[in-house]
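Given next are the chains, with one letter for each unit.
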Amino acid sequence: MTIRLGDVVPDFTAETTEGPIRFHEWLGDSWGVLFSHPKNFTPVCTTELGQVARLKPEFDRRNVKVIGLSVDPLDAHEKWAEDIAETQGYAPNFPLIADPERTVSGLYDMIHPNASDTMTVRSVFVVGPDKKLKLSLTYPASAGRNFDEILRVIDSLQLTAQHAVATPANWKDGEDVIIVPSVSDAAAKEKFPGGWKTLKPYLRVVPQPGK
Ligand code: BEZ
């Protein structure tokens, strides 16, 4: 099933390293990141899980729950966690879904048969508190993801959920943002009383609200 931006993401029940969950209930009022790993006991995945564990306080600070998925069974996840702690210096501190029947992988279209019949691709789904898909990414098995980029784009998503702004290329938290074209100059005067810089009528730059 293809899940598109703005769709309510599929709910599911699953076994995880932190007990059984129902996904929507587990998310509660938080944002969520669901990300898949092709296979346990593989090198790139091992580094990724260590990085997410290291960055967990950053996800917490943004009110984002993180949850991984791998198609191997639960006992294999528990053994793998020891290797992750030993080699990466961080043990997984978030749940990892065991999906040996490929139930969740199928629901979220994480198996791309022309890449592999059995392993998932490296998917990332960012879900808002309304359970709607805000962003998805697909990486091949060979390329580890940049989780700092995922935090960066969550900053952008959370900012634009609150204010009528968009973020420019390579934007980072604290930098200037763009007033969205649907906001007229008259409306912008009310929303941004400190003013903005007009580079073109469609390109109006304003300091990041709330900074
Ligand atoms: C890895 O995590 O290193 C990996 C997994 C599947 C295929 C290739 C690499």
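Please read all numbers here as calculations on a predicted model, not as lab measurements. (Residues numbered from 1 in each chain as written. Predicted model: local features only at pLDDT ≥ 70, side-chain atom pairs only at ≥ 80, totals over all residues. Heavy atoms only, no water.)

S.K.: How do you make sense of the overall build of the chain when you look at a structure like this?
M.R.: The helix and strand tally for the chain stands at 6 helices and 11 strands. Each of the three principal axes of the chain carries a C-alpha extent, and together these read 60 × 35 × 35 Å. Taken across its 211 residues, the chain has 44% of its residues classed as buried. Long-range pairs, those at least 24 residues apart, make up 65% of the contacts in the chain with a sequence separation of at least 6. Entry remark: accessible area of the chain is about 10,800 Å², with carbon and sulfur atoms responsible for 52%. Once the 23 positive and 28 negative side-chain charges of the chain are each reduced to a mean point, those two points are 9 Å apart. (Helix = DSSP H or I, 4+ residues; strand = E, 2+ residues; numbered from the N terminus. Buried < 20%, exposed > 50% of the residue type's maximum accessible area, 1.4 Å probe, protein only. Contact = heavy atoms within 4.5 Å. Areas by Shrake-Rupley, 256 points an atom, 1.4 Å probe, with all protein chains shown as cover. Lys, Arg positive; Asp, Glu negative; His and termini not counted. Charge placed at Lys NZ, Arg CZ, Asp CG, Glu CD.)

S.K.: Could you clarify how one ought to interpret the UniProt feature "active site" (unreviewed entry) in the chain in this entry?
M.R.: This chain's UniProt record puts "active site" (unreviewed entry) on Cys45. Secondary-structure assignment places Cys45 in helix H2 (residues 43–61). When sequence neighbours within four positions are dropped, the list of residues in contact with Cys45 reads His37, Pro38, Lys39, Trp80 and Arg122. (UniProt positions renumbered as here; feature names shortened; annotations may be inferred.)

S.K.: Honestly, the site of the ligand in this entry has me stumped. Any pointers?
M.R.: In the vicinity of the ligand, the contacting residues are Pro38, Thr42, Pro43, Val44, Cys45, Met119, Arg122 and Ala141. Note that an oxygen atom of the ligand is positioned 2.9 Å from one of the backbone N or O atoms of Cys45. Relative to its unbound accessible area of 260 Å², the ligand is 78% covered by the protein chains. In terms of residue count, H2 provides more of the shell around the ligand than any other element does, 3 residues in total. (Near = heavy atom within 4 Å. Polar contact = N/O pair within 3.5 Å; in protein donor to acceptor, adjacent residues only side chain to side chain.)

S.K.: Just to check I follow, could you spell out helix H3 (residues 74–88) for this structure?
M.R.: Given 3.6 residues per turn, any residue in an α-helix points the same way as the ones three and four places further on. For H3, built from 15 residues, the straight-helix expectation of 21 Å at 1.5 Å per residue is met to within 8% by its first-to-last C-alpha distance of 20 Å. In this structure, the buried residues of H3 make contact with H2, strand S4 (64–70) and strand S5 (96–98). Among the residues trailing H3, Gly89 stands out with phi positive, at a value near 80°. (Expected span 1.5 Å × (residues − 1).)

S.K.: Looking at this model, I keep getting lost on the nonpolar core. Mind explaining?
M.R.: Side chains of a nonpolar character, in soluble globular proteins, are inclined to be buried together. Judged by nonpolar contacts, the single largest core of 24 residues is most densely connected at Val33, Phe35, Phe59 and Val126. Those elements giving two or more residues to this core turn out to be strand S3 (31–37), H2, S4, H3, strand S6 (122–127) and helix H5 (147–162). Ignoring sequence-local partners within four residues, the contact set of Val33 consists of Phe59, Val64, Lys65, Val66, Ile67, Val124, Phe125, Val126 and Ile154. Among the nonpolar cores identified, the runner-up in size contains 18 residues, and Ala14, Ile21, Phe23 and Tyr108 belong to it. (Core = buried A, V, L, I, M, F, W, Y, C linked by side-chain atoms within 4.5 Å.)

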